Amino acid sequence: MDTVTRRKFLQLTGAGAIAGIAASLSIEEIAQAALSNPLPFGTPIVVVVTLYGGNDGLNTVVPYQDSIYQASRPGISLDASKVIPLQDGLALNGSMTGFKSLWDQKKLAIVRGVGYPQPDHSHFSSMAIWQSASPQEHISSGWIGRWLDSQPHDPMRAIGLGSVLPPLLAGSKQVGSVLPLGGLVIPSGTLAQECSQLSKPSGADTPLVALAAQSMADLFKLSGDVGPVLKKSAPVPDVLPTQAGGNFGGDSSLSQQLDVVAKLIAVNAPTRVWAVSLGGFDTHADEIQGQTTLLGTVSNSITRFLSQMEKVGRSRDVTVLVYSEFGRRVKANASMGTDHGTAGPVFIAGGRTQGGFYGDQPSLKTLNNGDLMVTTDFRDVYGAILEDLLNTDKSRVIDGWKSKLPVFAKA
Amino acid sequence: MADLLDRLELSRLSHRFGFGPKPGEFAQLLNLGIDTARKKILTAPISDAAAESVTPPVLTDLGFFPTQKTQAAADFNLARQLQINALYTWWLDRMALADQALIERMTWFWHGHWATSYDKVQYALPMKIQNDTLRQYALSDFWQMSRAMVQDPALLYWLDAGQNSKKSPNENLARELMELFTLGVGNYTETDVREIARGLTGWQVYRSGATTQFNSLAHDSTPITFLGHTGSYDAQGISDVLVGEDACEQFIPARMWFRFLSTTNPMPSDLPTAFANRDINALVKALGRHGQMRVVGNSQVKSPVEWFIAVCRALSITPSKLQNVGYAISTLTNMGQLPFNPPNVGGWPADEAWLSASSAQFRLSFAQYLVKQGDLSYLAKDTTDQGIANWLGISEFSFRTKSAFAAAGNDPARLAVLAICSPEYVVNA
């Protein structure tokens, strides 16, 4: 590549440009505010991991000894050599070595056949159902958002990583915050004063205009509290999880997100719910390599994160929930992939989790129009989190819902 | 002196059916009177010299991906990067420069509707060809637009329809075609999805060259039954049936209502009749002339691209001529919206999703960067509250924002940063 095109390339891709801009804003000028309201040890913290696209549950928790499974998926079924056996004829995808170690420590719960009545095959409808916890009625608030509505306003209470608010954090009165991976930088000097004036409420504001002003106010509060923390390095676990399942790149976006979460938990941020995500699970084509890589990322980064939590004394406080909007069709399609399906496994991991299987494994013999039958309602999972971890009446957040999975140990 | 509701309506017309006024344009439109101004904004020009002055990028067929970690792969990836960057700036320039931005605005709407991402397509050429198609039909006939899109190479590749054979069909395109592009969720059954998937088999996509080919051997020509119709259908025949459905007459107007008027208030029941003939132009006019345009409360948040382009227009900035185009592109990426890269086939989110502390931060740094490179001469002539509102096409500023202006004195650069970051600009009342 000649130098002219290289320079043009660097200009166009922005490499080297960002530092210049950030320097002109001087992160050094951000107040070195200590967190004024540390989270007491012993307080449960929930980390919600959303897998976007519809993760293929049958190639995640694999019924590898079932001949129907093998016959339904020529070319994309996993045989005994490619999985990590657990029990009851089920095995983890071979890339999930980290999860196997959590399983052996009885810190991993696998909830089987999770879904809701009359499954919807649309990504958007189904994700909206999972994030709102309302399968029958379309509502725009999220389940964590409605929990936030019951709490005093604090932009630190629930935080999503990324630049766009995930719907699960939107309440009808309050919304969670979002934090970009690079942290937040606010302007200094006179501009800061003038901008903080822009963040004040004004009587004539429509709800959206008021929210725009609030987002500016939250920026000042969040960056004051969070900015200095993000400059620290992430906690180093005593024992790094083994990478025996292959190197899936420790550099993935999910592990970066969890690193930021780990740093903030390590300084006792008063945040009760974190939302992180990973996309790419819509494997209509060439599923094997793509999904294996993604599941390796999920397993490695969460296992590493839980080791970090051990190091900072939060291993009993932190619980990780992993879900996707649906599983996939039992039969493979023509493109070495699978189409949208229904029930799938949910993972719950952490110190309070009583490891093992929950819910029944859906039958491969009795299908509903080619799809797995749902054996566990996802609201039973949320119910346990709301009641046992967030200390909230589940029926108030999830319209009248009464039951929950016995997945958490008594505090 | 135009009354406040005229200002509100004109502000909405200017920002939602265009990308906001160029310096002086809002005052001129106010002087014309609301009826003439409305007609002007809602009528697409025969040609737009400013938009046409933007040189289209030279995109070539780059062929298949070479073996990884070779010099050929490095050159190939560089060429790919240069082509997509040229495509980004070409469209951003068109949006920012167009004298009458209705066509670019509608192309932007359709890009979010038939949302296809370079992230998977990986070549600029098919993305450009799709963009040309969306612009060609942006204000014309939805029957033709849908027929063109069901054989668009980028869309077919994006939704795996290029690997679709009769032996075991892939349902991705079939489902999204009904759910997101023509009918809306709830207006079809799972059986319809599976049947249409069979009808859509047989297409093969040559991605880098942006061509498609129909392979009759891979096509399932046995009759399919969907939405009460039975017969042997090809992609265009399926498209015609879907566009003819009553649900389509409701769905497209509802999507446009959602993106142009309100994401919370329900669509008025008289809007779909304007789409009875599937005439997009008639629907856009009906929407822009609707009484709801003067109803307080139909606020909408500017998405990052909409905000960026509106600022470029107000500051007479040509995006490709920014000192560091890469910074602009990476900031749009950080804000969550880069053209040609929607997050998924449902397009970008709306309203509240753009109002986070994180977006506020990126907007603030971006605003300072842009104001430094912008032309402030028009603003400098009148730095009163009213002068700033007219420059940016805002109906009125709140007491809060006026107080911030007062503290900034007469410095046009400081006033400009505050004004384009103000809640009244970020949210179009």
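Residues numbered from 1 in each chain as written. Chains lettered and ligands numbered in written order. Predicted model: local features only at pLDDT ≥ 70, side-chain atom pairs only at ≥ 80, totals over all residues.

A short note on the overall build of chain B
Step number 1: On a plain count of helices and strands, chain B comes out with 23 helices and six strands.
Step number 2: Scaling as 2.2 N^0.38, a compact globule of 429 residues should have a C-alpha radius of gyration of about 22 Å, and chain B matches this with 23 Å.
Step number 3: Across its three principal axes, chain B shows a C-alpha extent of roughly 75 × 60 × 40 Å.
Step number 4: Counting all 429 residues of chain B, 55% fall into the buried class. (Helix = DSSP H or I, 4+ residues; strand = E, 2+ residues; numbered from the N terminus. Rg over C-alpha atoms; globule rule 2.2 N^0.38 Å. Buried ≥ 20, exposed ≤ 12 C-beta atoms within 10 Å, placed from the backbone.)

Considerations on the overall build of chain A
Step number 1: Scanning chain A from terminus to terminus reveals twelve helices and twelve strands.
Step number 2: Put simply, chain A has 411 residues, and 55% of those count as buried.

Side note on the packing of helix H18 (residues 357-373) of chain B against helix H22 (residues 412-421) of chain B
Residue and element names in this part refer to chain B.
Step number 1: Their axes nearest at 9 Å, the elements H18 and H22 cross at an angle of 140 degrees. For the pair H18 and H22, the sense of crossing is right-handed. For the pair H18 and H22, contact is made by Arg363, Leu364, Ala367, Gln368 and Val371 and by Ala413, Ala416, Val417, Ile420 and Cys421, respectively.
Step number 2: Of the residues that constitute the contact of H18 with H22, the class distribution is eight nonpolar, one polar and one charged. (Axes fitted to C-alpha atoms, helices over the stretch in contact; angles between N-to-C directions. Left-handed = near helix turned anticlockwise from the far one by under 90°. Contact = placed C-beta atoms within 7 Å. Nonpolar A, V, L, I, M, F, W, Y, C, P; charged D, E, K, R; others polar.)

Focus: the interface of chain A and chain B
Step number 1: Contacts between the two partners involve 59 residues from chain A, matched on the other side by 66 residues from chain B.
Step number 2: Listed by contribution, the elements that provide at least two residues to the side of chain A that touches chain B are helix H1 (3-13), helix H2 (17-25), helix H5 (123-132), strand S7 (177-179), helix H7 (189-198) and helix H8 (207-230) of chain A.
Step number 3: Per element, the largest residue contribution to the side of chain A that touches chain B is ten residues, and it comes from H8(A).
Step number 4: Residues of the side of chain A that touches chain B, tallied by class, amount to 35 nonpolar, 19 polar and five charged.

Observations regarding helix H16 (residues 304-314) of chain B
Residue and element names in this part refer to chain B.
Step number 1: Summarising burial for H16: eleven of the eleven residues are buried, a large majority.
Step number 2: Among the residues making up H16, those that are buried are Pro304, Val305, Glu306, Trp307, Phe308, Ile309, Ala310, Val311, Cys312, Arg313 and Ala314.
Step number 3: Positive phi shows up at Ser316, right after H16, with a value of about 55 degrees.

Comments concerning the pairing of strand S6 (residues 158-161) of chain A
Residue and element names in this part refer to chain A.
Step number 1: Covered by surrounding structure in S6 are Ala158 and Gly160 together with Ile159 and Leu161, the residues of both alternating faces.
Step number 2: In the sheet, S6 pairs with strand S8 (residues 273-278) via three bridges, with the strands oriented parallel. Within S8, the residue paired with Ile159 across the bridge is Trp274.
Step number 3: Direction of pairing for S6 relative to S7: parallel, over a ladder of three bridges. Of the residues in S7, the one forming a bridge with Gly160 is Val178. (Pairing = 2+ DSSP bridges.)

Quick look at the confidence of the model for chain B
Step number 1: With 100% of its residues at a pLDDT of at least 70, chain B reaches an overall mean of 94.
Step number 2: Predicted complex metrics record ipTM = 0.88 and pTM = 0.80. (pLDDT = per-residue confidence, 0-100.)

As for the confidence of the model for chain A
Step number 1: Per-residue pLDDT for chain A averages 82, and the proportion of residues at 70 or more is 82%.
Step number 2: Note that residues 238-252 of chain A has pLDDT below 50 and, in this model, 27 contacts with residues that lie over four places away or in other chains.

Here we look at the environment of Asp3(B)
Residue and element names in this part refer to chain B.
Step number 1: As for its placement among the helices and strands, Asp3 is situated in the segment before helix H1 (4-16).
Step number 2: Assessed through the 9 C-beta atoms surrounding it within 10 Å, Asp3 is described here as exposed.
Step number 3: Separated by 298 residues in the primary sequence, Asp3 and Val301 have C-alpha atoms spaced 23 Å apart.

What to know about the packing of helix H9 (residues 253-266) of chain A against helix H10 (residues 287-311) of chain A
Residues and elements named next belong to chain A.
Step number 1: Packing of H9 against H10 brings their axes to within 9 Å, and their N-to-C directions diverge by 15 degrees. It follows from the interaxial angle that H9 and H10 lie roughly parallel. Considering only the axes of H9 and H10, their crossing is right-handed. The residues of H10 that touch H9, namely those facing Leu254, Ser255, Leu258, Ala262 and Ile265, are Thr297, Val298, Ser301, Arg304, Phe305, Gln308 and Met309. (Parallel < 35°, antiparallel > 145°, perpendicular 65-115°, else oblique.)

Some thoughts on the sheet that holds strand S4 (residues 91-93) of chain A
Residue and element names in this part refer to chain A.
Step number 1: Read from one edge to the other, the open sheet built from three strands follows the order S2-S4-S3, with strand pairing classed as antiparallel. Two strands in the sheet have a free side with no partner beyond their single neighbour: strand S2 (61-62) and strand S3 (83-85).
Step number 2: Relative to S4, S2 runs antiparallel, the two being bridged by two bridges. Looking at the pairing, Val62 lines up with Ala91 of S4.

Focus on helix H4 (residues 97-104) of chain A
Residues and elements named next belong to chain A.
Step number 1: Among the eight residues that make up H4, six are buried, leaving the element largely enclosed by the rest of the structure.
Step number 2: Looking only at H4, the buried set comprises Thr97, Gly98, Phe99, Lys100, Leu102 and Trp103.
Step number 3: Buried positions along H4 lie against S3, S4, strand S5 (108-115), H10 and strand S10 (344-350).
Step number 4: Residue Lys106 follows H4 closely and has a positive phi angle near 60 degrees.

Quick notes on unusual backbone geometry
Step number 1: Within the chain, Met336(A) stands out as a residue other than glycine whose phi angle is a positive 55 degrees.
Step number 2: Relative to the elements of secondary structure, Met336(A) occurs in the loop between strand S9 (318-324) and S10.
Step number 3: Phi at Lys69(B) is positive, roughly 60 degrees, even though this residue is not glycine.
Step number 4: The class for Lys69(B) is exposed, based on 8 C-beta atoms found within 10 Å.

A word on the pairing of S8(A)
Residue and element names in this part refer to chain A.
Step number 1: With respect to burial, S8 is a largely interior element, five of its six residues being buried.
Step number 2: Here strand S1 (residues 45-51) pairs with S8 via six bridges, running parallel. Bridging across to S8, Val49 finds its partner in Val276.

Section: the environment of Lys82(A)
Step number 1: Relative to the elements of secondary structure, Lys82(A) occurs in the loop between helix H3 (67-72) and S3.
Step number 2: C-alpha of Lys82(A) to C-alpha of Ser95(A): the two residues are 13 residues apart in sequence and 8.5 Å apart in space.

Topic: the nonpolar core
Step number 1: Among the nonpolar cores identified, the biggest contains 245 residues, and Val47(A) and Val261(A) are the most heavily contacted of them.
Step number 2: Ignoring anything within four residues of it in the chain, the contact list for Val261(A) reads Val47(A), Leu161(A), Trp274(A) and Val276(A). (Core = buried A, V, L, I, M, F, W, Y, C linked by C-beta atoms within 7 Å.)

Comments concerning the environment of Pro270(A)
Step number 1: Structurally, the position occupied by Pro270(A) is in the loop between H9 and S8.
Step number 2: For Pro270(A) and Pro40(A), which are 230 residues apart along the polypeptide, the C-alpha to C-alpha distance reads 8.3 Å.

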